[in-house]
Amino acid sequence: MAVLTVLTPPTSSASSRRILYNFNQNDSTNCYFWRKNISKWTPPLPTIPAVSTRKIGAPHSHLHSMQSSNSSGSGCSWIKDTSSFHDKTAGQERREALSVSALPTKTAQVAAVEDLYDFICSGPLLDKVSLTPDKVAESIDKWILCGSQLCRLFRLNELFLTEPQKIRIYHYYIPVFLWCEEEISLHSSNFKDEDDIPPLVIGFSAPQGCGKTTLVFALSFLFEITGRKTATISIDDFYLTAEGQGKLRESNPDNALLEFRGNAGSHDLPFSVETLTSLQKLTREGTKMKLPRYDKSAYKGRGDRADPSTWPEVEGPLSAILFEGWMLGFKPVPAEVVKAVDPQLEVINKNLEAYYDAWDKFINSWIVIKIKDPSYVYQWRLQAEIAMRDDGKPGMSDEEVFDFVSRYLPAYKAYLPTLYAEGPSGSDPDHLLVVEIDEGRNPILAD
C-alpha cells in the first residue's frame, strides 16, 4: 500500500496540516480512503502489495446494484464515460503514470485535493445548503470520502472522472446529502435524550425521468455508510391494486387521465397513511416492518401490488424516511385553471384534496427538483426507452412514450407553477431545498 501526501486548500485554518490517504489497489474503483476514522465510514478492505500487475479498467457504465433496465427510466447517462479514457494509448499512459506514483519508495506531491476543493466551491448549490468555502475546507475529508464511496457505488474510476460525473457527485449528490444530514440534526435537537425520536420524513418532489430515484438511491447509500438507518419509499408503492385500478377505470370511462395509474385518484391513500404511520414508530432497536412495493410489469404493464413476501424489510431505529414522487406537494388549484389546461383534470383536482392528509402532512423537510419546461419529461423518457431498445431490452416505441407522458403533462402544467411559487403543500420555507436542474439533469444557478 502506497501513501500519497496531499495538501489541503490554503483557505482552511488547518491549511498547514497534511492529509494522508491510503491508495488501495485491491479496490476495483481505485478510490482514495481516509486513514483517519476509516472504521466508522466503511468496512475494512483487504490490501495487497503496492506494486501490482492488475490493470486499471475503464469506469463501468452501470450501477453497482441498481440496473438501468428499470422501466421507470430515471436516466444515468452521466455515469457513462465520454472522456478520452477509452483511448488505448492515453489509457496506457495513465496506467503507467499511476504505476509509478504508487511505488512506495517515495511520497508523491499532488494537487488533487486543492483542485477538488476549487471545483466543489464552484457548485451552484453551495449557498442553498448554507455552506461557505471555509466550511467546505473544514469538512474536505468528508467530501472526499463521500465522493470515494459514491464512485464505488456507481463503479466509476475516481482517478479519471469526467466532467458530468464530477458535477453529479460534487455539485449535486453530496451537497444534498449534507443538507439532509443537517435537517436530521435539527430534527433530533427538538427531542430530549430519553425520548424516542421519530425518523425525519424527507419528501422529494421531482418530475419523472429527472433522476430522483438515483438521487435517493445515492443518499440512502451515504446514510448507510455513515451509520444512519433509512427507509426509502415512493408514491408508486401506494398505487391501487389491479382490482382497484379496474374499478377506477370503470367509474371514469371517458377520462383518459385515469385510464392508467399515475394521477391523483389512482393511489390507495388509507394504505399510505397506515404505512407512513408505522414507519414513524420504528424508533428502537429490534422494531421491524416490511416496505410495500409495486410490480409495474404485472398484468401486461397495468401493474399490481407486489406479493408481500417479496417486500424488503427495514429495521429501526430509523433516522430518516426518504419519500419520493413526481406529484408530491401538489395541491388543488382553482377550477378555471385546470379547465384551461384540460377539462379532464377537474376530477384529478378534486381527488387531490385528500392527498395532503395522506402524504404531505407526514413530510418534515422538502427537496423540490425544479425544471423549466415540462417537455423535458418527454425527452428524458424517450432517451431511456431508446437506450433500453438499443440494449436489446423491451422498450416503448416513440409513439407509446408520447402517449404515456401525455397522461402526466396536464398535471405538470396545472400544478408545477404553484409548487414552484408557493412550495409544497404545508411546507416550511426554512426546511425546503429547491434544486433547479437543466436538460442534462444537473443543478444550475436559479434565475
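Check the entry above for the structure.
A. Structural context of unusual backbone geometry. Note that the residue after Gly-316, namely Pro-317, is joined by a cis bond; omega there is 0°. Topologically, Pro-317 is positioned in the loop between β10 (313-315) and β11 (320-325). Residues other than glycine seldom take positive phi values, yet Tyr-299 does so here, at roughly 55°. Along the chain, the position of Tyr-299 falls in the loop between β8 (294-295) and β9 (304-305). Backbone geometry at Lys-300 places phi at a positive 55°, although glycine is not the residue there.

B. Seen up close, the environment of Ser-122. Mapped onto the elements of the fold, Ser-122 is located in the loop between α2 (112-121) and α3 (133-138). With relative accessibility at 49%, the residue Ser-122 sits in the partly exposed group. When the C-alpha positions of Ser-122 and Pro-133 are compared, they lie 9.4 Å apart, and in sequence the two are 11 residues distant. Engagement of the side chain of Ser-122 in a polar contact is seen with the backbone oxygen of Phe-119, the distance being 2.6 Å.

C. Spatial organisation of the packing of aromatic side chains. In this structure the tally under the stated criterion is 19 aromatic pairs. Taking the centre distance of 5.4 Å and the plane angle of 40° together, the rings of Tyr-172 and Tyr-173 count as tilted. Neither residue differs from the other here; Tyr-172 and Tyr-173 are each classed as buried. The rings of Phe-238, Phe-271, Trp-311, Phe-323, Tyr-355 and Trp-359 are connected pair by pair, giving a single aromatic cluster. For Lys-166, the ring lying beneath its charged end belongs to Phe-119, and the centroid distance is 4.3 Å.

Calculation criteria
Residues numbered from 1 in each chain as written. Predicted model: local features only at pLDDT ≥ 70, side-chain atom pairs only at ≥ 80, totals over all residues. Heavy atoms only, no water. Helix = DSSP H or I, 4+ residues; strand = E, 2+ residues; numbered from the N terminus. Buried < 20%, exposed > 50% of the residue type's maximum accessible area, 1.4 Å probe, protein only. Polar contact = N/O pair within 3.5 Å; in protein donor to acceptor, adjacent residues only side chain to side chain. Phe/Tyr/Trp six-rings, centres within 6.5 Å; stacked < 30°, edge-to-face > 60°. Lys NZ or Arg CZ within 6 Å of the ring centre and 35° of its normal.

These values are about where atoms sit, not about what they do.
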